[in-house]
Amino acid sequence: MSRRIRAAIVGASGYVGGELMRLLLQHPGLDLRQATSERHKGSYVHLLHPNLRDCTRLKFRSVEDLEPTDILFLCLPHGAAMQRIGSFQPLTEYLVDCSADFRLDSAAMYRRWYGREHVAPQLLENFVYGLPEINRERIKGAKLLTGVGCNATAITLSVLPLFKAGLPFARSDVICEVKVGSSEAGNKASTGSHHPVRAQAMRSFAPVGHRHTAEVIQALVPWTPSLDLHMSATAIDNVRGALATSHVFLDSAVQEKDLWQAYRQTYGAEPFVRMVKGTKGLYRLPEPKILAGSNFADVGFAWDQDTGRVVALCALDNLMKGAAGTALQAVNIMLDWDETTGLSFPGLHPI
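Residues numbered from 1 in each chain as written. Predicted model: local features only at pLDDT ≥ 70, side-chain atom pairs only at ≥ 80, totals over all residues. Heavy atoms only, no water.

## Regarding the packing of helix H4 (residues 132-139) against helix H9 (residues 320-334)
Here is step 1 of the chain: Two elements in contact, H4 and H9, have axes whose closest approach is 10 Å; the angle formed by their N-to-C orientations is 30°. With respect to H9, the axis of H4 lies roughly parallel. Along this stretch, H4 crosses H9, giving a crossing that reads as right-handed. From H4, Pro132, Glu133, Arg136 and Ile139 reach across to H9, where they touch Lys321, Thr326, Gln329, Ala330, Ile333 and Met334.
Here is step 2 of the chain: Residue classes in the contact of H4 with H9 are distributed as 5 nonpolar, 2 polar and 3 charged. (Axes fitted to C-alpha atoms, helices over the stretch in contact; angles between N-to-C directions. Helix = DSSP H or I, 4+ residues; strand = E, 2+ residues; numbered from the N terminus. Parallel < 35°, antiparallel > 145°, perpendicular 65-115°, else oblique. Left-handed = near helix turned anticlockwise from the far one by under 90°. Contact = heavy atoms within 4.5 Å. Nonpolar A, V, L, I, M, F, W, Y, C, P; charged D, E, K, R; others polar.)

Spelled out as structure tokens, the structure:
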């Protein structure tokens, strides 16, 4: 890295913005110089993100005071980035939008799943979906990147090897259930996040119609043009973490060794996806808790030979591999750096 690249974050007061600050401040190639927040402008960032105390003297500024930068990360609520994209693009050479505004390829799909018209549909085809495990070649040399949905990432990584290997399916249905922690909802308080309501809850908040369904279908299209994906999401009493449990039905001729081969071929060289499938012990299958703060995704599976059902599992930290961590991983690739730069630390245990 011959020089450090200037970086700025719009919407840095939220959880994803805070995670990006934590990562960028320790990155050898990125120099975080600006962080915006309308509510907290003028305040030191560590007053809102206390884990960054003594890591930086940055203060939040208004987006109106944003200066030109080399790379700009947008961590705004869904729907906000596309409203102002025309004013952000002239300020930067590289732009990464961590919201859902530019993840889908078509305005019609966006309308179907988000219930509104896209206000910048002409830009949809210009953004590259930033999940390295499926889009690494397109990310290289890109100028416009999207972040990923945490639930979509967990589901996609859980089942991707089965589709890439071309294994024979007994039926086209894929049934996916994701359990997620409260930080997925962001840091803006709501009735659902009120502690007496949220604590000790196991709430099915999206049994059908979850917006990330479209993202998963789009991600898997290169390997399965027609996919009947059924997704549900359940809120659990965690702060961080997502666990996808996906049910796929294969031909009875498939053997467990075929599944092992599929997962090893897909993830054997992936720096941030680990196979977890033991025969004994407490952590023999993916567990989100031990991934807190890390960019790793743990995948595994269980095989029911009698019914042909594969239970495919993926665990990750929704704020890291499901958001800020993957965004930085994609930026490393985009800028032709080692993609593990600033991200190779493990999670915590115990926590």
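## What about the pattern of salt bridges?
Opposite charge on two side chains permits them to pair, given that their charged atoms come into close proximity.
Here is step 1 of the chain: Per the stated rule, a full pass over the model turns up 18 salt bridges.
Here is step 2 of the chain: Of the charged contacts in the structure, one is a salt bridge between arginine 61 and glutamate 67, with a shortest N-O distance of 3.7 Å.
Here is step 3 of the chain: Residue class for arginine 61 comes out partly exposed when judged on its relative accessible area of 23%.
Here is step 4 of the chain: A salt bridge links glutamate 133 to lysine 321; the shortest N-O distance between them is 2.8 Å. (Salt bridge = Lys/Arg side-chain N within 4 Å of Asp/Glu carboxyl O. Buried < 20%, exposed > 50% of the residue type's maximum accessible area, 1.4 Å probe, protein only.)

## With respect to the side chain of aspartate 70
Here is step 1 of the chain: Turning to its location among the elements, aspartate 70 is positioned in strand S3 (residues 69-74).
Here is step 2 of the chain: Look at aspartate 70 and you get buried, because its relative accessible area is 12%.
Here is step 3 of the chain: Other than its neighbours up to four places away in sequence, aspartate 70 contacts Arg3, Ile5, Arg6, Thr92, Glu93 and Tyr94.

## Brief notes about the sheet that holds strand S1 (residues 5-10)
Here is step 1 of the chain: Pairing is parallel across the open sheet formed by 6 strands, whose spatial order is S2-S1-S3-S4-S6-S5. Of all strands in the sheet, those bounded by a partner on one side alone are strand S2 (30-35) and strand S5 (128-129).
Here is step 2 of the chain: Two strands pair when backbone bridges link them, and S1 and S3 are joined in this way by 4 bridges, in the parallel orientation. Within S3, the position partnered with valine 10 by the bridge is leucine 74. (Pairing = 2+ DSSP bridges.)

## Focus on the pairing of strand S12 (residues 297-304)
Here is step 1 of the chain: Within S12, 6 of the 8 residues are buried, which leaves the element mostly enclosed by the surrounding structure.
Here is step 2 of the chain: Pairing of strand S11 (residues 273-275) with S12, which is carried by 3 bridges, proceeds in the parallel orientation. Within the sheet, the bridge partner assigned to valine 273 lies in S12 and is alanine 297.
Here is step 3 of the chain: Looking at chain direction, S12 and strand S13 (residues 309-316) are connected through 8 bridges and run antiparallel. The residue of S13 that forms the bridge with aspartate 298 is alanine 315.
Here is step 4 of the chain: The loop that links S12 with its antiparallel partner S13 comprises 4 residues; one of these, glycine 308, has a positive phi angle of about 75°.

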